[in-house]
Amino acid sequence: MHRIFLLTTFLLTTLWPSSARARQADPAWLSKELSFEKKPAADTLNTKLHSYGTFEGHLRSFSMATVNHDDFPDYYAQGVGAGLGYYSPIIKNFQVAVSGFFTYNLASSSLSNQPPFNNRYEVGLFDVLNPDNRSDLGRVENLYLRYVLSAKSKSYIQVGKFGLKTPMMNPQDGRMMPNLQEGVWTDLNEWKKIKLKGGWLWRTSPRSTVQWLSIEESIGVYPVGRAVNGAKAEYAGHLSSPGIAIAGITYLPLKTFQVNAWNYTIPKLFTTSLLNGEWAKETNASKWSLGGQYLFQQSLYQGSLPVEQQYISEGEQAHAFGLKIGWANLSTKTGWSLNYTRIAATGRFLFPREWGIEPFFTFMNRERMEGAGDVHAVTLKNTLFLDENKRLSLQSMGGVFSMPALDSPALNKYNMPSFYQLNVRAKYNFGRFLHGLQANLMYVYKGALEKDLPETPANFHNKVDMHHISLVFDYHF
C-alpha cells in the first residue's frame, strides 16, 4: 500500500493545468449564431477571415500511475501539451479548419518494452511507436474543407483530416492525443425523425501516435495478442485494405424511443453491424430507461496468409447482445444503470483498438472485451451530482467479466483472465474566472476471479491485481 500512497502523492502534488490540444469539435458557428459589434469596413475575403473566424485552444495536463501485482514493475508518467485551432466563417457555404497539437513528456518511468513486462497505459500518453520520444510529439489534427448544406440543420459534407464520434470509431480520448481520421464524411439532419451519417476513410492517426497511417498500416500499432492457433500474432504489416466505409442512421419513431443502426465495412477484412434501441420515459421526478443492442461481425478475408498473419480468419463470425435498465432521480440528480453483455462462443469480437473504444453497455475505462468470444459481463453504474450547479460529479462503476479459458486462443486473443473491476471517477468544472477549466480524477482496481490463477506476467501484469490512477486538467479557451 505504501507504493499506492507514494504514487497518489506524486499525482496530487506534481500536476497543474498546463497542456492540451485543439481537436475536432463543433466550432462556434455550429453551436451558436455569431454577433458583431460593428460591420467590417470592406466586404472582402481577408476581412471575413480576420473578423468572423473562430480560434479555439485547449491545454491539457495528464498524470497517470499503475501499481502492479507483487514485485512486477510499476509505472508513472506526466504529460503536458497544448494546441490551437482556427475555424473560418462560412463563406459561400464553405468553411475551412486547421489545428495542431504538441505533447511533452515532463517526467516518466521507463516506458520501453522490457519483456516479459510491457508498459500498457502510461506509454499511451506519448508515442507508442517510439516510447523513447520525449519531445518531438507534434501533429496536425484538423485540416479539412467543409461544405455546409444547411447551417440551420447543421448538415454538411467535408473532406480532409478530422475527428469522428461514432459508436465504434471515436476519439477514445483517454490519453493526451485522440484518434483522428482522414477521408470524406457527411452529416445529414434534414428530416425530423431521421438523421444520416457516413463516409469513406483512407487514413488515420491512432490515439497515442503522431503519425498518419493508411488504414491497413494502423492495424497492429497496439499489441497484437495471439493468433487462433496460440502463436504470437504477426499480422501487422501484412494486411491489405483500401479503407473503411461507414454508414449510420438514427430513427426517432417516438419522442421516447430511438433506434441507431451502424455498419463498418473494411474491404478484404471484415464487416461489422451494430443495432441499438433505447426507450426513456420521465414520470414525476424520475426517469426510466431501457436499452438493447445487437452486434454482428462477418469475416471478408479470402487469402493464403499464414494463420499468424491473419487479422481475422476466413469464415469467422461474432455475435454480441446487450441489455441495460436505468433509473434517475431528477430532483436529487442521482442515476443508476444495470448493464449486461454477452459475446457468443461463435468467435472473437474483433475491431482494431487503434480506432476507438467498444460500444457495449458494460464498457469500463482501462479494459476491454475486444478480442474475446464466449463472454458474460455485468456492470452496475451510479452517477451523482454533488452540487446544485452540477459542477462536481461522482461516478462509480463495478463489473464482473467472465472471460473464455486462457488456453483457448481462438476465443481469447489477449490472454485475459476472468476479472472484476471497480472504477471511481470525480469531475469538477470550475466557474467564474476559471471558467473552461475541468479537473478529472479516476481510480481503477482490477482483480482476478480465479483464485488459483498462475501468477505469471502474462496473466497478471497490467491485467489483474493492479491499481491505476489518473488525474487530468483540461482548460478550453
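Note: the structure precedes this text.
Q: Could you give an account of the environment of Asp-187, with specific residues and numbers?
A: One can find Asp-187 in strand β6 (residues 180-188). Separated by 253 residues in sequence, Asp-187 and Asn-440 have C-alpha atoms that sit 31 Å apart. Ignoring any residue separated from it by four or fewer positions in sequence, one finds Asp-187 in contact with Lys-154, Ser-155, Tyr-156, Leu-196 and Lys-197. Within polar-contact distance, the side chain of Asp-187 engages the side chain of Asn-189 at 3.1 Å.

Q: Could you give an account of a nonpolar patch on the surface, with specific residues and numbers?
A: Together, Leu-254, Phe-257, Trp-279, Trp-288, Leu-290, Ile-325, Trp-327, Trp-336, Leu-338, Val-378 and Leu-380 line one region of the surface with nonpolar side chains, adding up to about 980 Å² of accessible area. Those elements that place two or more of their residues in the nonpolar patch are β12 (286-299), β13 (317-329), β14 (334-343) and β15 (375-385). The class for Leu-290 is partly exposed, based on a relative accessible area of 43%.

Q: Summarise the packing of aromatic side chains; cite the residues concerned and give the values.
A: For any pair of aromatic rings, the description rests on two quantities: the centre-to-centre distance and the angle between the ring planes. With the rule as written, the count across this model stands at 16 aromatic pairs. Ring geometry for Tyr-294 and Phe-321: centres 5.2 Å apart, planes at 35 degrees, overall tilted. With a gap of 27 residues between them, Tyr-294 in strand β12 and Phe-321 in strand β13 connect regions that are remote in the sequence. Taking the relative accessible area as the measure of exposure, Phe-321 reaches 40% and is therefore partly exposed. For the ring pair Phe-351 and Trp-355, a centre distance of 5.4 Å and an interplane angle of 85 degrees mean the geometry is edge-to-face. Each member of the pair, Phe-351 together with Trp-355, is buried. Aromatic rings pair up to connect Tyr-235, Trp-262, Tyr-264, Phe-270, Tyr-311, Phe-351 and Trp-355 into one cluster. Here the guanidinium or amino end of Arg-353 rests over the ring plane of Tyr-414, the centre of that ring lying 4.1 Å away.

Q: For the side chain of Ser-337, give the residues involved together with the corresponding values.
A: Relative to the elements of secondary structure, Ser-337 occurs in strand β14. A polar contact of 3.3 Å, which involves the side chain of Ser-337, links it to the side chain of Asn-339. Excluding residues that lie within four positions of it along the chain, Ser-337 makes contacts with Ile-325, Gly-326, Thr-379, Leu-380 and Lys-381.

Q: Quick rundown of the nonpolar core? Include the residues and the values.
A: Soluble globular proteins tend to pack their nonpolar side chains together in the buried interior. Tyr-235, Ile-244, Ile-246, Phe-270, Tyr-311, Phe-349 and Trp-355 are the most contacted members of the largest nonpolar core, which has 52 residues in total. When residues of this core are traced back to their parent elements, those giving at least two are β5 (155-162), β9 (244-254), β10 (257-266), β11 (270-283), β13, β15 and β16 (392-402). Here this core takes three residues from β10, the largest share from any one element. Look past the residues within four positions of Tyr-311 in its chain and what remains in contact with it is Ile-219, Tyr-235, Leu-239, Phe-270, Arg-348, Leu-350, Phe-351, Pro-352, Glu-370 and Lys-413. Within the second largest apolar cluster, 15 residues are counted, among which are Leu-111, Leu-125, Leu-137 and Met-466.

Quick notes on the rules
Residues numbered from 1 in each chain as written. Predicted model: local features only at pLDDT ≥ 70, side-chain atom pairs only at ≥ 80, totals over all residues. Heavy atoms only, no water. Helix = DSSP H or I, 4+ residues; strand = E, 2+ residues; numbered from the N terminus. Contact = heavy atoms within 4.5 Å. Polar contact = N/O pair within 3.5 Å; in protein donor to acceptor, adjacent residues only side chain to side chain. Patch = residues over 30% accessible without salt bridge, like charges linked within 9 Å, V, L, I, M, F, W, Y side chains within 5 Å. Areas by Shrake-Rupley, 256 points an atom, 1.4 Å probe, with all protein chains shown as cover. Salt bridge = Lys/Arg side-chain N within 4 Å of Asp/Glu carboxyl O. Buried < 20%, exposed > 50% of the residue type's maximum accessible area, 1.4 Å probe, protein only. Phe/Tyr/Trp six-rings, centres within 6.5 Å; stacked < 30°, edge-to-face > 60°. Lys NZ or Arg CZ within 6 Å of the ring centre and 35° of its normal. Core = buried A, V, L, I, M, F, W, Y, C linked by side-chain atoms within 4.5 Å.

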